[in-house]
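# Reading the structure
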Amino acid sequence: MRLGLAALTVAAARSSRFMSAASTTMLPTIQDFRGVELTPESLSEMLASKRVAYYFSAGWCPMCTNFEPSLQQFREAAAQSGKPVEIIYVGADRSKADQGQRAMALNMLQVPFEGDARAELKRAFKVWPGAEVSQFGTGRRSGVPALVVLGGNSDKEIAFIAAESQGAKALGDWPLDAAEGVWK
């Protein structure tokens, strides 16, 4: 996994598709839920003091749509307990419009539909739906829904939330108290 992340970071640095607000932050270009690209500074400000995760999902996936009410309740409970989370949607939707509607409905930041960032993240973290096996192969660790919890101010994975196989109870694996999981 580390080799994949290192390769992703090198490729990102070469392609300028990824941005950095701080020397340790390597995230793809991120859009708000309306599809507006965020500057590195505004993204850094939005993530400050939050726990951050990529959410791999698709609107056509019944397991995903069934999981999301629990995910939203988890987000609200985390915020009320003083441990807010920010989730970045990595969609497997079939169109830009579908992904935009999902990001808006879920009130989540999103990785742009266009470009290679979504595919690079899916490969790096080995998460994609069965419908994308022809594109990515069979070497995945999970389908959707799934979350990858990031280390503070980096693309380093600190936890994997296996919602596809465990459903809402997987959210108990999110290390909300881990200092390394708070974005700086």
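Above: the structure in question.
Residues numbered from 1 in each chain as written. Predicted model: local features only at pLDDT ≥ 70, side-chain atom pairs only at ≥ 80, totals over all residues. Heavy atoms only, no water.

### Section: the layout of surface pockets
For the record, the criterion: The method works on a 1 Å grid over the protein atoms by themselves. A cavity is a set of points holding a 1.4 Å probe that cannot get out, a pocket is an open set with protein on both sides within 12 Å along at least five of seven lines, and residues with an atom within 4 Å of a point line them. Grid points are joined across faces, edges and corners, and a volume is the space filled by probe spheres set on the points. Working definition: helices are DSSP H or I runs of at least four residues, strands are E runs of at least two. Numbering for both runs from the N terminus. Ten residue types, Ala, Val, Leu, Ile, Met, Phe, Trp, Tyr, Cys and Pro, are classed as nonpolar, four, Asp, Glu, Lys and Arg, as charged, and the remainder, Gly among them, as polar.
By volume, the largest pocket is sized at about 190 Å³. What lines the largest pocket is a set of 14 residues, and nearest its centre among them are Lys50, Arg75, Val85, Glu86 and Asn107. For the lining of the largest pocket, the secondary-structure elements that each account for two or more residues are α3 (62–80) and β4 (85–91). Ranked by the residues each element gives to the lining of the largest pocket, the list is headed by α3, at four residues. Along the lines of polarity and charge, the residues of the lining of the largest pocket split into seven nonpolar, two polar and five charged.

### As for α3
Under the convention used in this document: Expected span, for any helix, means 1.5 Å times one less than how many residues it has. Accessible area is worked out with a 1.4 Å probe on protein chains only. A residue is then buried under 20% of its type maximum, exposed over 50%, and partly exposed in between. Throughout, a residue-residue contact means that at least one pair of heavy atoms, one from each residue, lies within 4.5 Å.
Over its 19 residues, α3 extends 28 Å from the first C-alpha to the last, a length consistent with the 27 Å expected when each residue adds 1.5 Å. Every buried residue belonging to α3 is among Cys64, Phe67, Glu68, Leu71, Phe74, Arg75 and Ala78, and all of these are buried. Buried residues belonging to α3 abut β3 (51–57), β4, α4 (96–106), β6 (146–150) and α7 (163–166). A positive phi of about 80° marks glycine 82, the residue just after α3.

### Thoughts on the side chain of glutamine 99
Structurally, the position occupied by glutamine 99 is in helix α4. Beyond its immediate chain neighbours, meaning those up to four positions away, glutamine 99 contacts Tyr89, Gly91, Asp93, Gln110, Val111, Pro112, Phe113 and Arg118.

### Observations concerning unusual backbone geometry
Cis rather than trans, the peptide bond between valine 144 and proline 145 has omega equal to 5°. For proline 145, the position within the fold is in the loop between α6 (133–136) and β6. Although it is not a glycine, asparagine 107 sits at a positive phi angle of roughly 55°. For asparagine 107, the position within the fold is in the loop between α4 and β5 (109–110).

### Notes on the packing of aromatic side chains
As a reminder of what qualifies: Ring pairs shown here join Phe, Tyr and Trp side chains whose ring centres sit within 6.5 Å, with only the six-membered ring taken for Trp; geometry is labelled stacked below 30 degrees between planes, edge-to-face above 60, and tilted in between. A ring is scored as having a charge over it whenever the NZ atom of a lysine or the CZ atom of an arginine sits within 6 Å of its centre and within 35 degrees of its normal.
If you walk through the whole model with that rule in mind, you get seven aromatic pairs. Here the aromatic rings of tyrosine 54 and phenylalanine 56 are separated by 6.4 Å at their centres, their planes lie at 65°, and the arrangement is edge-to-face. Residue phenylalanine 56 is classed as buried on the basis of its relative accessible area of 1%. Ring centres of phenylalanine 74 and tryptophan 174 lie 5.3 Å apart, and the angle between their planes is 40°; this geometry places the pair in the tilted category. In this pair, phenylalanine 74 is assigned in helix α3 and tryptophan 174 in the segment after α7, connecting sequence segments 100 residues apart. Taken individually, phenylalanine 74 and tryptophan 174 each receive the classification buried, so the pair is uniform in this respect. Site record: aromatic cluster; members linked through ring pairs are Tyr54, Phe56 and Phe125. The ring of phenylalanine 33 carries the charged tip of arginine 34 above its face, separated from the ring centre by 5.4 Å. Lying across the ring of phenylalanine 160, arginine 141 places its NZ or CZ 4.0 Å from the centre.

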